[in-house]
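Summary of structural features
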Amino acid sequence: MDFEYIADRVRRVRENVNQALVRSGRDGAAVDVIAVTKSAPPEVLPALFEAGITDAAENRWQVARDKLAHPAAERFKWHFIGSLQTNKVKYIVPRFDWIHSVDRLELAEALSREAAKTGRTLNILLQVNIAREPQKQGFHQEDVRRVVELVAQLPHLELRGLMTMAPKVAHSEESRPIFRALDELSRQVREDMQLPAFDQLSMGMSDDYPVAVEEGATMIRVGRQLVGPADLTQGGQGL
Ligand SMILES: *Cc1c(COP(=O)(O)O)cnc(C)c1O
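Residues numbered from 1 in each chain as written. Predicted model: local features only at pLDDT ≥ 70, side-chain atom pairs only at ≥ 80, totals over all residues. Heavy atoms only, no water.

As recorded in an unreviewed UniProt entry, the protein goes by the name Pyridoxal phosphate homeostasis protein, listed as coming from Alicyclobacillus fastidiosus. For the protein, the Function (unreviewed entry) comment in UniProt is given as "Pyridoxal 5'-phosphate (PLP)-binding protein, which is involved in PLP homeostasis." (UniProt positions renumbered as here; feature names shortened; annotations may be inferred.)

What follows is the structure, given as structure tokens:
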């Protein structure tokens, strides 16, 4: 398979990110572009790395396994972004640097215990279901402070911030209030609870990352726009 198109895709996403930063007065702010590789074969990894991508994400252990077995996998920092069963934690902790999808206290406790066994410290984000969609994981907004207080005490975890997935909408502009609410919540928690390391906002996917960057995203999780099929015709922003 030929992955020559990957470099163009990466360039385009970075241009869109830079333009969104300029539009919103965030010029020069750091935004990590995380490549979501779940729908691509492991062979995409070297092309991504050569195009300057150093962060990759998966949402299911079964699929992640094949990617992690590729020799190029060790060049990346790995992010777990999917719903995570407690009994899978033992596979995830040794191989992933970041967990974006901590959606219940019990999962944070299990991650802390497993990280202690391996002697590492894991970066974690709390997933927040801002739109309160019944089919989506994540804490409700009003529960976040209480959870932060508890999770911040757990050893071998570094609580780095919040993550959300915006609802499916026809126009990405409709997701702006969701991203803005996550940014506000994150600022309040960081200031009120004096957590200087609580500085990451993981929000924005292929269809809505420019809006998420305008509203303060520090990490965007991009799948289809980076590694989708070469004849991609979906109407995402900037394509
Ligand atoms: C698949 C996935 C993404 C990437 O979605 P695209 O629309 O392909 O960019 C981002 N975040 C999560 C949690 C995902 O499951």
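The subject of this paragraph is the overall build of the protein. Secondary structure assignment for the protein yields nine helices and eight strands. Computed over the C-alpha atoms, the radius of gyration of the protein is 17 Å, within 12% of the 18 Å expected from 2.2 N^0.38 for a compact globule of 239 residues. Counting only residues that meet the buried cut, the protein has 51% of its 239 residues in that class. Contacts in the protein between residues at least 24 apart in sequence constitute 60% of all its contacts with a sequence separation of at least 6. In the form shown here, the protein has an accessible surface area of approximately 11300 Å², with 47% of it arising from carbon and sulfur atoms. For the protein, the centre of its 31 positive side-chain charges and the centre of its 34 negative side-chain charges are spaced 3 Å apart. (Helix = DSSP H or I, 4+ residues; strand = E, 2+ residues; numbered from the N terminus. Rg over C-alpha atoms; globule rule 2.2 N^0.38 Å. Buried < 20%, exposed > 50% of the residue type's maximum accessible area, 1.4 Å probe, protein only. Contact = heavy atoms within 4.5 Å. Areas by Shrake-Rupley, 256 points an atom, 1.4 Å probe, with all protein chains shown as cover. Lys, Arg positive; Asp, Glu negative; His and termini not counted. Charge placed at Lys NZ, Arg CZ, Asp CG, Glu CD.)

What follows concerns the site of the ligand. All residues adjacent to the ligand are Val36, Lys38, Asn59, Ile81, Met165, Met205, Ser206, Arg221, Val222, Gly223 and Arg224. Backbone polar atom of glycine 223 to an oxygen atom of the ligand: 2.8 Å apart, as the coordinates give it. Calculation on the ligand without its partners gives an accessible area of 390 Å², and the protein chains cover 92% of this total. Along the lines of polarity and charge, the residues of the shell around the ligand split into five nonpolar, three polar and three charged. (Near = heavy atom within 4 Å. Polar contact = N/O pair within 3.5 Å; in protein donor to acceptor, adjacent residues only side chain to side chain. Nonpolar A, V, L, I, M, F, W, Y, C, P; charged D, E, K, R; others polar.)

This model, assessed by the stated rule, comprises 18 salt bridges. Arginine 11 is the partner of aspartate 8 in a salt bridge, and the nearest nitrogen-oxygen pair spans 2.8 Å. Separated by three residues within a single helix, aspartate 8 and arginine 11 lie in helix H1 (residues 5-23), roughly one turn from each other. Across the salt bridge formed by arginine 187 and aspartate 183, the nearest N and O atoms sit 3.0 Å from each other. (Salt bridge = Lys/Arg side-chain N within 4 Å of Asp/Glu carboxyl O.)

Now for the packing of aromatic side chains. As enumerated under the stated definition, the model contains six aromatic pairs in all. With centroids separated by 6.0 Å and ring planes inclined at 55°, the aromatic side chains of phenylalanine 76 and tryptophan 78 adopt a geometry described as tilted. The two residues phenylalanine 76 and tryptophan 78 agree in class, both being buried. Aromatic ring contacts, followed pair by pair, group Phe49, Phe76, Trp78, Phe80 and Phe96 into a single cluster. (Phe/Tyr/Trp six-rings, centres within 6.5 Å; stacked < 30°, edge-to-face > 60°.)

Owing to its 3.6 residues per turn, the α-helix aligns residues three or four sequence positions apart on the same side. The end-to-end C-alpha distance of H1, which contains 19 residues, comes to 27 Å, matching closely the 27 Å that a straight helix rising 1.5 Å per residue would cover. Every buried residue of H1 is listed here: Tyr5, Ile6, Arg9, Val10, Val13, Asn16, Val17, Ala20 and Leu21. Buried positions in H1, seen along its axis, are confined to an arc of 150° and lie on one side of it. H1 presents Val22 and Arg23 as exposed residues on the side facing more than 90 degrees away from its buried surface. (Expected span 1.5 Å × (residues − 1). Arc of directions from axis to C-beta.)

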